[in-house]
Amino acid sequence: MKFSFDRDAMIKEIAIAQEIITNKSPISILSNVLLTAADNTLTIKASDTSVNYITQLPVDITEEGSTTIFCDKFMSILSSSPAGEIEFDQQDIKVTIKPVAKKIKFQLKSIASEKFAEIPQANDVPFFEVSSKDIKEMIQQTIFAVSNDANRYFMTGVYFTKKENKFAMVSTDARRLSYAEKEIDESINFEPAIVPTKILKCILKNAPDEGNIQLAIVDKLIFVRFGSYEFSSKLLEGQFPNYQKVIPESQAHSFQVNKNDLEAALKRIEIMVDKKVNRILFTLTDETLKLTSPESELGTADEEIPCRYEGEEITIALNSSYVSDPLKNIKTEEVVFEFTEAMKAVTIRPEPAEDYFHIVMPMNSN
């Protein structure tokens, strides 16, 4: 196999392959990227056995063929080479890579393409289109709230479901829940699915901000297409929790606060927070929110910021990370916290309300 390609164009594609590949052993086929040259097109494939990546790149082919090479080392060669045309020549198990602009030659050993695992193909799969901007916003609002508990593997992904004309994403770790939805064509149907975070991160990083992307959920797999890229992933098996039971039908009280004021105060109070517990006390009085770090061996801290609240004084203990994580993704200047009692679920949402919200379970204040 022999072909030439533009260095910068290849770097873009191999960088994505690196995101997929987790095995870093040079003697493992799972650390390799599969390259197939035919019809002046190079097809690139990468896999970690759960998440897969396929793309195509125009190249000038002298001799068609197929092989696999160590992805990390290929990327290092590309990164160190000057911009411009690079020649790729494979003979038996030896690959020669030569930047045209420099008198330099790299040689890599390859592994036969026949040893590369078969990647699921999206042939005759019923794709549907969604706004790329919408799905990226939904992922941003939910991905941080998934569980990292391997024993609860069914909560380590984001739940995709459809409610009438709404496409919804839900995530939870049993102590918090994040929910986002967007309108979708009523004719679109798919089975509810628990989608691993790795493929969602690929969408976030690589999908365009404009236009549509294509999704398909079928046979315990999800396929994602945009531009010249196709990603696929195994779905997580298991029963996702009944998230609707966690979402309060109504809340008796609420307070509104400037998001930047709250974020800045949290950062200061967190300096003195016990990292093992991460508990901050939110004390509400008329027009004032007081944040306090419970006293520890190191000391304590408190800060008052203005808020819109009318009602009896109340103190709610919350995990500081479970508050700061949603705040990082809420886009409005004002944020509303809704609650009923000190030990019942707290709803965090943007003000004015949008199509996402976050639920946090309070902690014991003692």
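Data block above holds the structure.
What you see is a predicted model; the values in this text were computed from it and never measured.

Reading guide: rules and limits
- Residues numbered from 1 in each chain as written.
- Predicted model: local features only at pLDDT ≥ 70, side-chain atom pairs only at ≥ 80, totals over all residues.
- Heavy atoms only, no water.
- Helix = DSSP H or I, 4+ residues; strand = E, 2+ residues; numbered from the N terminus.
- Expected span 1.5 Å × (residues − 1).
- Buried < 20%, exposed > 50% of the residue type's maximum accessible area, 1.4 Å probe, protein only.
- Polar contact = N/O pair within 3.5 Å; in protein donor to acceptor, adjacent residues only side chain to side chain.
- Pairing = 2+ DSSP bridges.
- Phe/Tyr/Trp six-rings, centres within 6.5 Å; stacked < 30°, edge-to-face > 60°.

Q: When you look at helix α1 (residues 7-20) in this model, what are you seeing that I'm missing?
A: Because the α-helix completes a turn every 3.6 residues, residues three or four places apart line up on one side. Over its 14 residues, α1 extends 20 Å from the first C-alpha to the last, a length consistent with the 20 Å expected when each residue adds 1.5 Å. Along α1, the residues classified as buried are Arg-7, Met-10, Ile-11, Glu-13, Ile-14, Ile-16, Ala-17 and Ile-20. Of the residues that open α1, the one with a side-chain oxygen 3.3 Å from the backbone nitrogen of Asp-8 is Asp-6.

Q: Teacher, can you tell me more about the pairing of strand β10 (residues 128-131) here?
A: The two faces of a sheet get side chains in turn, since along a regular strand they alternate between them. Because side chains alternate across β10, one face comprises the buried residues Phe-128 and Val-130, and the other comprises Glu-129 and Ser-131, none of which is buried. Relative to strand β15 (residues 212-218), β10 runs antiparallel, the two sharing four bridges. Directly across from Phe-128, in β15, lies its bridge partner Leu-215.

Q: Teacher, can you tell me more about the packing of aromatic side chains here?
A: Two measures describe an aromatic ring pair: the distance that separates the ring centres and the angle between the ring planes. Summed over the entire model, instances satisfying the criterion amount to 22 aromatic pairs. Arranged with centres 4.7 Å apart and planes meeting at 15°, the rings of Phe-3 and Phe-88 form a pair that is stacked. Of this pair, Phe-3 sits in strand β1 (residues 2-6) while Phe-88 sits in strand β7 (residues 85-91), placing them 85 residues apart in sequence. With 6.3 Å between their ring centres and 35° between their planes, Phe-282 and Phe-337 make a pair best called tilted. Residue Phe-282 is located in strand β19 (residues 279-285), and its partner Phe-337 is located in strand β23 (residues 334-339); the two are separated by 55 residues in the primary sequence. By relative accessible area, Phe-282 is classed as buried at 2%. Every member of this aromatic cluster is reached through a ring pair, and the members are Tyr-159, Tyr-179, Phe-240, Tyr-243 and Phe-357.

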